[in-house]
Amino acid sequence: MDTLLLLVRQIRFEAVGINSYELVDPNGGELPPAPPGSHIDIHLKDGTIRQYSLSNDPADRRRYVIAVLKEEAGRGGSKLLHDSLHVQHRVTVSLPRNNFALVADAKRHMLIGGGIGITPLKAMAHQLDAAGADYHLHYCAKTADHAAFREEFAHLTAKGQVSFHFDGGNPADGLDIAGLLREHDGVTHVYYCGPPGFMAACASATEHWPKGMVHSEHFKAPVADAAKSATPAGTGIVEIASTGQRLEIPPGQSIVDVLNDAGIAVPTSCVSGLCGTCTVRYLSGEVDHQDYILDDEERGTQLTTCVSRPAGGVLVLDL
Ligand code: FES
């Protein structure tokens, strides 16, 4: 079983445009474990699937809580969810997956959340606080009214573990991300999640940090990259290692589309290189990696087939 049918027990208005949705087992049972940083796929009525990070304390096994920003100009998933998902509805969700895990043995953790990107970091803060870990959460938002979960953060804010930074819509008036991350002490791990401009600022500010100490999760493809991935790339060839079958990947079609058309089932979810559902191992060949989740080591043996492409020659897939 890789999906769950959950009951929407509560919907709360959390901040401007943001609702949280509490999902529980209809029979009151415990839910599968979801370490901080985990996300679930939500299957919407029209067949749309969207990923949302879990924000609740991972120790609370009786519920999953997601927070959704209604984006009028988005792909439609958040609007559909806001408009069609109501209390007492049942909704199909995937088992939790985690591409944004805390490093268990890190001495210190710095969490930086921008806007709705706060959700996985909130789950991390709950776990770190319960463990008595050395951590701090910076929460960047436009105004206090745009910051979700302020009440839930109150006790952590009172303890000095959480700082809010409101920029009024002008990032220059908000948290000095470059200044905050200018020095690294060799023991702190930094984790960040937020909108594209915020992600770019954090990526730039951590360029000189050791790679293994910087952790991030995109919930949306950066705008420039989204335009790039929409540009048809050249034709490539993949080979199925178990059968020797070769398939052409024409411009404008993804590897996973071609595989599925050929009857080789590879599951997908975000189709944006963000979730890892479509990841496949490869045995030889060059890959033009276009994802946002695999690290350099993983990219040596794996690719996300929804966005990445053969980079020339034959790409042999371990299928
Ligand atoms: S389907 Fe999400 S990374 Fe490919």
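Look up: the structure comes first, before these words.
Throughout this document, residue positions are counted from 1 along each chain, in the order its sequence is written. Side-chain atom pairs in this predicted model are given and counted only at pLDDT of 80 or more, local residue features only at pLDDT of at least 70, and totals for whole chains, interfaces and linings cover all residues. Based on all heavy atoms of the structure, the side-chain values leave hydrogens and waters out of the count.

Could you clarify how one ought to interpret the overall build of the protein chain in this entry?
For the protein chain, the count of helices and strands is 8 helices and 19 strands. Along the first, second and third principal axes, the C-alpha atoms of the protein chain reach 60 × 50 × 35 Å. Relative accessible area decides the class of each residue, using a 1.4 Å probe on protein chains only: under 20% of the type maximum gives buried, over 50% gives exposed, and in between gives partly exposed. For the protein chain, buried positions account for 45% of its 319 residues. Every residue pair with non-hydrogen atoms within 4.5 Å of one another is taken to be in contact. Once local pairs closer than 6 in sequence are excluded, the contacts in the protein chain between residues at least 24 apart make up 65%. Per element, the accessible surface of the protein chain, about 14,800 Å² overall, is 50% carbon and sulfur. In the protein chain, 26 side chains carry a positive charge and 38 a negative one; their mean positions are 5 Å apart. Helix and strand labels come from DSSP, where a helix needs a run of H or I of at least four residues and a strand needs a run of E of at least two; each type is numbered from the N terminus. Note that accessible areas follow from Shrake-Rupley with a 1.4 Å probe, and for residues the cover is restricted to the protein chains shown. Positive charge is attributed to Lys and Arg, negative charge to Asp and Glu, and no charge count is given to His or to the chain ends. Charge placement uses NZ in Lys and CZ in Arg. For Asp and Glu, CG and CD serve respectively.

Where do I start with the sheet that holds strand E11 (residues 188–193) in this structure?
Sheet strands pair via backbone hydrogen bonds, and the direction of the pair is either parallel or antiparallel. Spatially, E10-E9-E8-E11-E12 is the arrangement adopted by the 5 strands of the open sheet, whose pairing is parallel. Of all the strands in the sheet, the pair left with one neighbour each is strand E10 (162–166) and strand E12 (214–216). Each neighbouring strand pair of the sheet contributes to a mean axis angle of 15°, computed without reference to strand direction. The pairing criterion is simple: DSSP has to find at least two bridges between the two strands. The pairing of strand E9 (residues 135–141) with E10 spans 5 bridges and is parallel. Bridge assignment links Tyr139 to a residue of E10, and that residue is Phe164. Orientation is described by axes fitted as lines to C-alpha atoms, over the contacting stretch for helices, and by angles from 0 to 180 degrees between their N-to-C directions. The sheet contacts of helix H3 (residues 150–158) involve E9 and E10, and relative to E10 the element is tilted by about 125°.

Help me understand the sheet that holds strand E14 (residues 246–249) in this model?
Taken together, the 5 strands give an open sheet; going across it, the order is E14-E13-E19-E15-E17, and neighbouring strands pair in mixed fashion. In the strand order of this sheet, the two ends are held by E14 and strand E17 (302–304), each with one partner. Pairwise comparison of adjacent strand axes, ignoring direction, gives a mean angle of 40° for this sheet. Inspection of the sheet shows strand E15 (residues 279–284) paired to E17 by 3 bridges, in the antiparallel sense. Its bridge partner lying in E17, Val280 is registered against Leu303.

What am I meant to see in helix H5 (residues 196–205) here?
Given 3.6 residues per helical turn, the α-helix brings residues three or four places apart onto the same face. Those residues of H5 that fall on the buried side of the exposure criterion are Phe198, Met199, Cys202 and Ala205. Across the axial projection of H5, the buried residues extend over an arc of 135°, all falling on one side. The inward-facing, buried residues of H5 abut strand E8 (108–114), E9, helix H4 (177–180), E11 and E12. Note that the arc is computed from the directions linking the helix axis to the C-beta atoms.

Would you take a moment to explain the side chain of Thr277 for this structure?
Relative to the helices and strands, Thr277 is located in the loop between helix H7 (255–261) and E15. Residue Thr277 is classed as buried on the basis of its relative accessible area of 19%. A polar side-chain atom of Thr277 sits 3.0 Å from a polar atom in the side chain of Arg97. Not counting residues up to four positions away in its chain, the partners in contact with Thr277 are Arg97, Pro267, Thr268 and Ser269. Polar contact is the term for a pair of N or O atoms within 3.5 Å; when the atoms are in protein, one must be able to donate a hydrogen and the other to accept it, and sequence-neighboring residues count only if both atoms are side-chain atoms.

Help me understand helix H1 (residues 77–84) in this model?
Within H1, burial applies to Gly77, Ser78, Leu81, His82 and Ser84. For H1, the elements touching its buried residues are strand E2 (18–24), strand E3 (38–43), strand E4 (49–53) and strand E5 (64–69).

Would you mind going over the environment of Ala15 with me for this structure?
Looking at where Ala15 falls in the secondary structure, it is placed in strand E1 (residues 3–15). In the structure, Ala15 is positioned 51 residues away from Ile66 in sequence and 13 Å away in space, judged by C-alpha atoms. When near neighbours in sequence (up to four residues on either side) are disregarded, Ala15 contacts Asp145, His146, Ala147 and Ala148.

Would you explain the state of the cysteines in this entry?
By definition, a disulfide links the sulfur atoms of two cysteine residues through a covalent bond. When two cysteine sulfur atoms are found within 2.5 Å, that pair is recorded as a disulfide. A complete count under the given rule lists 0 disulfides for this structure. Between Cys140, a cysteine without a disulfide, and Cys202, which holds the nearest cysteine sulfur, the sulfur-to-sulfur distance is 7.3 Å. Take Cys140: its relative accessible area is 13%, and that puts it in the buried class.

Just checking my understanding: could you explain unusual backbone geometry for this structure?
Most peptide bonds take the trans form, and the phi angle of most residues other than glycine is negative. The phi torsion at Gln88 lies on the positive side, around 80°, for a residue other than glycine. For Gln88, the position within the fold is in the loop between H1 and strand E6 (90–94).

Is there a simple way to explain the side chain of Ser78 in this structure?
Note on placement: Ser78 falls in helix H1. By relative accessible area, Ser78 is classed as buried at 9%. Looking at Ser78, its side chain comes within polar contact range of the main-chain oxygen of Leu69, at 3.3 Å. Setting aside anything within four residues of it in sequence, one finds Ser78 in contact with Tyr52, Val68, Leu69, Lys70 and Glu71.

By themselves, these figures tell us nothing about what the structure is for.
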